[in-house]
Amino acid sequence: MTAAIALIAVGILALVFGAILGFAAIRFKVESDPLVDQLDEVLPQTQCGQCGYPGCRPYAEAIANGDDINKCPPGGEATIKKLADMMGVEAVPLDAAHGEEDVTKVAYIREDECIGCTKCIVACPVDAIVGATRQMHTVITDECTGCDLCVAPCPVDCIDMIPVKQSAQNWRWDLNSIPIKEIS
Amino acid sequence: MHNVLERLKSGRTWDFPGGVHPVDFKTISNTTVIKRPSLPECLYLTVKQHIGLEGQIIVAPGDKVLKGQALTKNSHPLSVPVHAPTSGEVVAIAPHVSAHPSGIAEATLQIKPDGEDKWIDLTPLTNYQSLPKPELIEAICSAGIAGMGGAGFPTHIKVGVQKEVEYLIINGVECEPYITSDDRLMREHAWQIRQGIDVLTHILNPKHIIIAIEDNKPKAIEAMQVACQENRKYLVCSVPTKYPAGGEKQLIQMLLNKEVPSGGLPIDIGVLTHNVGTCYAIADAVFSGKPLIERVITLTGKALSKPGNVWALLGTPMSHLLDFAEYDVKKQKRGQRLIMGGPMMGFSLRSDHVPVVKVSNCLLVPTDSEIPLTEAEQACIRCGACADACPAGLLPQQLYWHSKAKELDKAQDYNLFDCIECGACAYVCPSQIPLVQYYRQAKATIREDEKEQIKAAKAKERFEARQARLEREKEAREEKHRLAAEARKKRAEATPVKDTADQIDDSVSESDPKAKVAAALARAKAKKLQSAPSNTESTEQPEKAQKSAAVQAAIARAKAKKEQQAQQTAEAKEETPSQKSAAVRAAIARAKAKKEAAQQNLEKPTAESNEPQDTSSQELEVSEMTAEEKKKARVAAAVAKATAKKEAERQEKERSDNSVAGEQAHNEPAQEVEASEMSAEEKKKARVAAAVAKAKAKKEAEQQEKESTDNSVSDEQSQSAPTQEVEVSEMTAEEKKKARVAAAVAKAKAKKQAERQAAQQNDIDNPEDKELTE
């Protein structure tokens, strides 16, 4: 008798908790995978596709599904480190097959050579190129992520990737260069 | 509240944690009056001389400027203008080494003084007390005043605060060793500094005003006390000498026993501090209308023979000041070493061309033994001396480890950004670790990372916006196509007796342009067939008309075959005893029949209104047929496409034959008529193709001389040629190319086929007629 009561009680409890859990699952449903969002936050958002995925978010999704974390050259080591922390895996060196970490660059259109074909505008993932058909195009430097995607489609090869110039504003204190001017 | 002031009045202050007591070396430079060096040969005015943003340059090279004339415009609230320190000519606007630790060249206005030193018209605001405060703040801003203590924060932002100011602290502490510029300024210009304080008091209306001066400057304290004795609100207060008592946060802690919250500003606790130099500049701007064009700079260090303070025009290159102070090269045997600022917080200059800027308060030129070059950094021995020295109460050792290991988030957990970079920790470090450099590097990296983060967020936003836009456009396109398809469907339902040829066109219009060409060919062929049975009286019996048309066409073809071998191959292709060609012809014939029926239907209700029944019955018949016929027609059209293509290849060849044969006279007008009907683009293509064809034809001319002679004789040829031209000119250039290749192959085949198919001709025509009559 006691055993039966115990069983029934436990059974009822199980049902109640099950119902609560079920309700919670519906009530607090998360639309997208929060991990993907977090991973996406870490990625540099250049949308360059060097990882082999069409943009940063698809790569974030791939990482969440178990892809390697070392496929993002623009993010470099810092990004790999952050991704490793998030995924709970060891940080690995950048996979050279996807490119090498490089200085930040921005695209520059040699404007007198531009024929106004709009091909780069179509290629730009962040709409950082302005121009119209048969009109000169130009890059909005502040918006350019340096993804390189506009270089290949240009039929006249008038796009250069120029490293961002160092200024007093973005200068990072260099420990190695002790400025001593030698006077013979 | 009152006991704070009471305590200060009785000469007691609080204390801040840490701090160091370096030897101050102030007597090197504070014993002489502030001198005025001669005008340098050229002035280098860095566009951005303070924290914030640079102004917009409003002069051009070659412009003559007067002393005090604004050279830049403050385009942003965080920017202040730069003014010409003397009259002269703007010789260039070019990058020039800047007064920044990096020494990176920045946009600089170069002014060549003309020696006249002529002022622009100054507009003093002597009656400042009656002016609205915003106007006063605007005057301070346009005078280009930025904090002269060292940080260079735009003063108009600071004085424009909306919050209530309880304490206004005038900072004359000048705690860093060697520097005496504020000391000398207070001694010599206490009165004008007080005027500046008056202006600030008027604007900010603080409850209490404290003028803090370190107790190692008794003469400055005395001078300020004399200047301020009239106003009881002004409290000149001596603070104990301890580095870094001049730090804003440390000074507040010392005077008021209040701590500025981490990441906050002094105004958050009702305090505002201004440097004495800033007060002097404010007084200059308000009472004489002079903008900030010069400042006191201490030239000190034992490598200078005549150290002292000087009034240096902004933009004066350091080399000029070194000459004035009689720099002794021999005393710096290990190379020239110039430090801008004091020994604690200053930085080495990369060149002696660096100009004086608004925040330069000292140029230190030490001998080699005075301030030894930084020795090699040694391992941290964890002595903890740095933690004892830190005036901000941080753990420099932890910050060092994390900064060095690039664990920036951990460094931030240890409040890296509360570090004031005073250098006290590095000063006490027995291992010579340049701790502050590590912190500065870590801070810069964090700031850059934050910037990148913001940029990444923006890029993501833009990327997503773009994706959304592309998606929208795609949907809009699909919707348009869907609506167009519906409209077509409706149209088709409304006029079921539509031209089959058009239907073919419709059905293929969605596919590639080749299909369109094929359809056009099919139409052209239909026309050709129609041209023979021009007698359209027999419209009530379309079957008969079609039959006769087909028969006539067959006859025409037979004639053409006899007379022209090349063309025969093309025709022969049509007559290929296969189901396909039969179906094609059937489709064409049906198309023609429908067209005629439609014409009749249109004509009849108007012209022959007495026969409505007949028409309607016909219509019924036709509409019954349509569903089935449509299907057939479509199938046929697909087949026709294939056939037409092949045919086109052959006809291309024929065309070239014809053109060689002196038929140009006939062909060209026809071509032109067709061409005019074509769009400009098509015309172009056609012309190009024609040109190519002509060229090719010439080559073939000799080869095919015999055949072409036959062609030119033929009367029939003149008729068929224009038709061919229609077809050919409707082809795309691409197809023509293909056609030409195929033509060569086809030519060989054609001859063989010709005889064989001539015999079969009648056999094929008959079944076709049967099918048509059905």
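Engineer: Teacher, can you tell me more about the overall build of chain A here?
Structural biologist: A tally of regular secondary structure across chain A gives five helices and four strands. Secondary structure elements of chain A, listed N to C terminal, follow the sequence α-α-α-α-β-α-β-β-β. The buried share among the 184 residues of chain A stands at 31%. By sequence separation, contacts in chain A at least 24 residues apart represent 51% of the contacts at least 6 residues apart. A total accessible area of about 11,300 Å² is found for chain A, and carbon and sulfur atoms account for 59% of it.

Engineer: What am I meant to see in the overall build of chain B here?
Structural biologist: When its secondary structure is counted, chain B shows 23 helices and 15 strands. For chain B, with 774 residues in total, the buried portion stands at 52%. For chain B, the exposed surface amounts to about 36,300 Å²; the carbon and sulfur share of it is 52%.

Engineer: Help me understand the interface of chain A and chain B in this model?
Structural biologist: How big an interface is tends to be reported as the loss of accessible area on association of its parts. Contacts between the two partners involve 37 residues from chain A and, on the opposite side, 35 residues from chain B. Buried surface at the junction of chain A and chain B, both sides included, amounts to about 3,300 Å², of which 52% is carbon and sulfur. At the surface where chain A touches chain B, the tally comes to six salt bridges. B:Arg466 is the partner of A:Asp127 in a salt bridge, and the nearest nitrogen-oxygen pair spans 3.1 Å. Listing elements by their share of the side of chain A that touches chain B, those giving two or more residues are α2 (34-42), α4 (76-87) and α5 (119-123) of chain A. Looking at the side of chain A that touches chain B residue by residue, the classes come out as 17 nonpolar, ten polar and ten charged.

Engineer: Hey, could you run me through the sheet that holds strand β7 (residues 167-172) of chain B in this one?
Structural biologist: Remark on secondary structure: sheet strands pair via backbone hydrogen bonds, oriented parallel or antiparallel. Residue and element names in this part refer to chain B. Taken together, the four strands give an open sheet; going across it, the order is β9-β8-β7-β10, and neighbouring strands pair in parallel fashion. For this open sheet the edge positions go to β9 (234-239) and β10 (271-275), each flanked by a neighbour on one side alone. The average angle at which neighbouring strand axes cross in this sheet is 25°, direction not considered. Here β7 runs beside β10; their pairing, made up of five bridges, is parallel. Across the sheet, the residue bridging to Leu-168 is Leu-272, located in β10.

Engineer: Would you mind going over the pattern of salt bridges with me for this structure?
Structural biologist: Pairing is possible between side chains that carry opposite charge, provided their charged atoms lie close to one another. Across all of its chains, the model carries 34 salt bridges over all chains by this definition. B:Lys458 is paired through a salt bridge with A:Glu143; the nearest N and O atoms lie 3.8 Å apart. Residue B:Lys458 is found in helix α13 (residues 435-494), and its partner A:Glu143 is found in the loop between β3 (138-139) and β4 (159-163); the two belong to separate chains. Look at B:Lys458 and you get partly exposed, because its relative accessible area is 35%. With a closest N to O distance of 3.3 Å, B:Lys306 and B:Glu326 form a salt bridge. Of this pair, B:Lys306 sits in the loop between β11 (294-300) and β12 (308-313) while B:Glu326 sits in the loop between α8 (318-324) and β13 (339-340), and the two are 20 residues apart along the sequence. We classify B:Glu326 as partly exposed; its relative accessible area is 36%.

Engineer: Just to check I follow, could you spell out the side chain of B:Lys26 for this structure?
Structural biologist: Within the element layout of this structure, B:Lys26 appears in the loop between α1 (2-9) and β1 (43-46). Side-chain polar atoms of B:Lys26 contact the backbone oxygen of B:Glu174, separated by 2.5 Å.

Engineer: Honestly, the confidence of the model for chain A in this entry has me stumped. Any pointers?
Structural biologist: Caution applies to low-pLDDT regions: their predicted coordinates should not be interpreted in detail. Residue and element names in this part refer to chain A. Overall, the predicted model of chain A reaches an average pLDDT of 85, with 93% of residues at or above 70. Mean pLDDT in chain A bottoms out at α2, which sits at 86, and peaks at helix α1 (residues 2-27), which reaches 95. Here residues 177-184 scores under 50 on pLDDT; set against residues more than four positions off or in separate chains, the count is ten contacts.

Engineer: Explanation requested: the confidence of the model for chain B in the structure shown.
Structural biologist: With 65% of its residues at a pLDDT of 70 or more, chain B has an overall mean of 77. Across residues 604-626 of chain B the pLDDT falls below 50, and counting only partners more than four positions away or on other chains, this stretch makes 21 contacts in the model.

Engineer: Help me out: how do you make sense of the sheet that holds strand β3 (residues 64-65) of chain B in this one?
Structural biologist: An order of β1-β6-β5-β3 (chain B) is seen for the four strands of this open sheet, with the pairing classed as antiparallel. Looking at which strands have only one partner, the edges of the open sheet turn out to be β1 and β3 of chain B.

Engineer: What is the right way to read the pairing of β9(B) from this model?
Structural biologist: On a regular strand, one side chain projects to one face of the sheet and the next to the other, so that they alternate. Residue and element names in this part refer to chain B. By the criterion of burial, β9 is predominantly enclosed, with five of the six residues buried. The sheet contact formed by strand β8 (residues 208-214) and β9 spans six bridges and is parallel. Counted as the bridge partner of Ala-212 is Cys-237 from β9. With helix α5 (residues 218-228) bridging β8 and its parallel neighbour β9, the resulting β-α-β unit is right-handed.

Engineer: Just to check I follow, could you spell out the packing of aromatic side chains for this structure?
Structural biologist: Each aromatic ring pair is characterised by the separation of its centres together with the angle its planes make. Residues and elements named next belong to chain B. Per the counting criterion, the structure on display carries six aromatic pairs over all chains. Relative to Trp-311, the ring of Tyr-280 lies with its centre 5.4 Å away and its plane at 35°, an arrangement referred to as tilted. Here Tyr-280, found in helix α7 (residues 276-288), pairs with Trp-311, found in strand β12; they are 31 residues apart in sequence, far enough to count as distant. Using a relative accessible area of 8% as the deciding quantity, one classes Trp-311 as buried.

Engineer: Can you walk me through unusual backbone geometry in this structure?
Structural biologist: The omega torsion of the bond from B:Tyr243 to B:Pro244 falls at -5°, within 30 degrees of zero and hence cis. Within the fold, B:Pro244 resides in the loop between β9 and α6 (248-256). With a phi angle near 55°, A:Gln47 is a residue other than glycine that sits in the positive phi range. On the secondary structure map, A:Gln47 appears in the loop between α2 and α3 (56-64). If you check the backbone angles, B:Phe25 has positive phi at about 50° while not being a glycine. Relative to the helices and strands, B:Phe25 resides in the loop between α1 and β1.

Reading the values: the criteria
Residues numbered from 1 in each chain as written. Chains lettered and ligands numbered in written order. Predicted model: local features only at pLDDT ≥ 70, side-chain atom pairs only at ≥ 80, totals over all residues. Heavy atoms only, no water. Helix = DSSP H or I, 4+ residues; strand = E, 2+ residues; numbered from the N terminus. Buried < 20%, exposed > 50% of the residue type's maximum accessible area, 1.4 Å probe, protein only. Contact = heavy atoms within 4.5 Å. Areas by Shrake-Rupley, 256 points an atom, 1.4 Å probe, with all protein chains shown as cover. Buried area = accessible area lost by both parts, 1.4 Å probe. Salt bridge = Lys/Arg side-chain N within 4 Å of Asp/Glu carboxyl O. Nonpolar A, V, L, I, M, F, W, Y, C, P; charged D, E, K, R; others polar. Pairing = 2+ DSSP bridges. Axes fitted to C-alpha atoms, helices over the stretch in contact; angles between N-to-C directions. Polar contact = N/O pair within 3.5 Å; in protein donor to acceptor, adjacent residues only side chain to side chain. pLDDT = per-residue confidence, 0-100. Right-handed = clockwise from strand over helix to strand, strands pointing away. Phe/Tyr/Trp six-rings, centres within 6.5 Å; stacked < 30°, edge-to-face > 60°.

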